[in-house]
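# Observations on the three-dimensional arrangement
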Amino acid sequence: KLNLELPPRTALKVEGGNVVLSRDGEDAQARALHGLSRALVHNMVKGVSEGFVKKLEIHGVGFKAAVQGNTVTMSLGYSHPVVYQIPDQVKVTVEDNTKVTIEGPDKQSVGLVASELRSFYPPEPYKGKGVRYVGERIIRKEGKTVQ
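Fair warning: this is a prediction, and the values are worked out from it, not measured in the lab. (Residues numbered from 1 in each chain as written. Predicted model: local features only at pLDDT ≥ 70, side-chain atom pairs only at ≥ 80, totals over all residues. Heavy atoms only, no water.)

### Examining helix 1 (residues 28-49)
An ideal rise of 1.5 Å per residue puts 32 Å on 22 residues; helix 1 measures up with 32 Å between its terminal C-alpha atoms. Among the residues of helix 1, Ala30, Leu33, His34, Ser37, Val41, Met44 and Gly47 are the ones counted as buried. What you see down the axis of helix 1 is that its buried residues fit within an arc of 165°, all on one side. Turned more than 90 degrees from where helix 1 packs its buried face, Ala28 and Ser49 sit exposed. Its buried side turned inward, helix 1 meets strand 1 (10-15), strand 2 (18-23) and strand 3 (52-59). Trailing helix 1 by a residue or two, glycine 51 shows a phi angle of about 95°, which is positive. (Helix = DSSP H or I, 4+ residues; strand = E, 2+ residues; numbered from the N terminus. Expected span 1.5 Å × (residues − 1). Buried < 20%, exposed > 50% of the residue type's maximum accessible area, 1.4 Å probe, protein only. Arc of directions from axis to C-beta. Contact = heavy atoms within 4.5 Å.)

Here's what the structure looks like:
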């Protein structure tokens, strides 16, 4: 179950199983808010019916993740484990200690959790270590050359 407070200048009606959004003007702001509302409602309907999924992978020797209850504990080469509280309505699973799957009905919260987990150790360009999205391409750099 998701709820949304519509932006001003937009109205919502349900007509025979269809959700209809309307706006109260033809100026640029009304059209922009109408498009925003339509996208938000569409994402809510899709999220409740199908759900949203983001996948992360952890690269690096000794880097791993584990889920205990509603917390994710990640070992990312720091002197301490990184502990992250999972918000409500979001489900996090870990496979093979390095593949993290984030699922939930709210697109914004799923993306937020994925980006926060990634931000603890973003992929670095020299060795490619870090937390990255599945399919994300990391442009590698060449290291210093010794003369």
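Read on, since the account is not over.
### Remarks on the side chain of glutamate 124
Here glutamate 124 lies in the loop between helix 2 (107-119) and strand 9 (130-133). With no salt bridge to any partner, buried glutamate 124 finds its closest opposite charge in lysine 129, at an N-O distance of 5.4 Å. Discounting chain neighbours no more than four positions away, the residues touching glutamate 124 are Lys129 and Ile138. (Lys, Arg positive; Asp, Glu negative; His and termini not counted. Salt bridge = Lys/Arg side-chain N within 4 Å of Asp/Glu carboxyl O.)

Limitation: the analysis is restricted to geometry and does not speak to function.
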